[in-house]
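# Observations on chain architecture
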Amino acid sequence: MNLSGLPIDASWSLFLDRDGVINRRIVDGYVLHKGEFEILPGVLEAIHVFSNLFPRIFIVTNQQGIGKGLMSADDLKNIHQYLLSEIKKMQGRVDKIYYAPNLKSENSPMRKPGIGMALQAKREFPKIDFEKSIMVGDAVSDMEFGKNAGMTTVFIGEKKNSFADFCFPSLSKFADEIKSHNSYKLLTTNN
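No experiment lies behind these values; they were computed from the predicted model shown.

What follows concerns the nonpolar core. Judged by nonpolar contacts, the single largest core of 40 residues is most densely connected at F50, F54, I134, V136 and F174. Going through the elements one at a time, strand 1 (13-16), helix 1 (43-51), strand 2 (56-62), helix 3 (73-89), strand 4 (133-137), strand 5 (152-156), strand 6 (166-168) and helix 6 (171-179) are the ones with two or more residues in this core. Tallying contributions element by element places helix 1 first for this core, with six residues. Setting aside chain neighbours within four positions, we find F50 in contact with L14, I57, L171, F174, A175 and I178. Membership of the second largest hydrophobic core comes to 14 residues, among which are F15, Y98, A100 and F145.

Next comes the structure, spelled out in C-alpha cells:
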C-alpha cells in the first residue's frame with residue numbers, strides 16, 4: 001500500500017479510532033477498566049512517528065458502555081489517563097480524546113458514523129482542515145465517519161475494506177509506510 005499520492009505535510013490532522021486500532025478489542029464486550037486495556041504491539045511507537053508528522057492528533061471513540069451503565073465516565077477517564085501516560089513515556093502525543101457515550105439506538109450525531117466528534121474537534125482546534133485529515137479505524141462506521149467529514153480513510157485489519165482509501169494490517173504498518181516517505185524526514189526537521 002502506497003501513500004505517495006497523499007501530499008501529507010505539517011498542515012494535516014490525524015484522527016484515530018481506539019478499540020481495535022490502539023488497544024485490543026473485546027469481542028461482544030467493552031473495555032471497562034484499565035486492567036482490561038491492552039495496548040496493541042507497535043502502537044506506542046507508531047504514535048511517536050505520527051507525533052513528528054501531524055501537528056494535531058485525536059482519538060475519536062464510541063463508548064456506549066457508559067450509556068448502558070456498564071462503566072462510568074470516570075472509569076473511561078482512568079483508562080484514557082493510563083493510555084496518555086504510556087504514549088508520553090514513548091515521547092508521543094495525542095492532543096485530545098473525544099468519546100461518544102451514547103447508545104447506538106439513540107442515533108446521536110456524536111456517535112460514529114455521525115461527525116459530531118469531528119465537529120467538536122474543529123471548534124476546539126480551528127486549524128483542522130478535514131480535507132487534510134486522515135481517519136484511521138477498524139470498522140465500517142470509522143470509514144463512514146471519515147468519509148462523511150471529507151477525510152482520507154485508512155482501514156486497519158487483515159481483510160481489505162473497499163470503502164477505505166487505504167488498508168493496512170496494523171497501525172504500526174501504517175506508521176512504517178508514512179515513515180518510509182522522504183517527506184517524513186523533511187517534516188520532522190521542520191517541526
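Each aromatic ring pair is summarised here by two numbers: the centre-to-centre distance and the angle between the ring planes. A complete count under the given rule lists eight aromatic pairs for this structure. Seen in terms of ring centroids, F37 and Y82 are 6.2 Å apart; in terms of plane orientation they differ by 90 degrees. Their pairing is edge-to-face. In this pair, F37 sits in the loop between strand 1 and helix 1 while Y82 sits in helix 3, placing the two residues 45 residues apart along the sequence. Its relative accessible area of 26% is what places Y82 among the partly exposed residues. Put simply, the rings of F15, F58, Y98, F125 and F130 pair up and form one aromatic cluster.

Sheet architecture is open: six strands sit in the order 3-2-1-4-5-6, paired in parallel fashion. Taken across any chain shown, the strands that pair with only one partner, and hence form the sheet edges, are strand 3 (96-100) and strand 6. The sheet shows a mean angle of 20 degrees between the axes of neighbouring strands, direction not considered. Judged from the five bridges that link them, strand 2 and strand 3 form a sheet pairing that is parallel. Within strand 3, the position partnered with I59 by the bridge is I97. Its contacts with the sheet place helix 4 (residues 116-124) against strand 1, strand 2 and strand 3, and it is angled at close to 145 degrees to strand 3. Most of the contacts of helix 5 (residues 140-149) go to strand 4, to which it runs at about 170 degrees, and overall it touches strand 2, strand 4 and strand 5.

Conventions adopted
Residues numbered from 1 in each chain as written. Predicted model: local features only at pLDDT ≥ 70, side-chain atom pairs only at ≥ 80, totals over all residues. Heavy atoms only, no water. Core = buried A, V, L, I, M, F, W, Y, C linked by side-chain atoms within 4.5 Å. Buried < 20%, exposed > 50% of the residue type's maximum accessible area, 1.4 Å probe, protein only. Helix = DSSP H or I, 4+ residues; strand = E, 2+ residues; numbered from the N terminus. Contact = heavy atoms within 4.5 Å. Phe/Tyr/Trp six-rings, centres within 6.5 Å; stacked < 30°, edge-to-face > 60°. Pairing = 2+ DSSP bridges. Axes fitted to C-alpha atoms, helices over the stretch in contact; angles between N-to-C directions.

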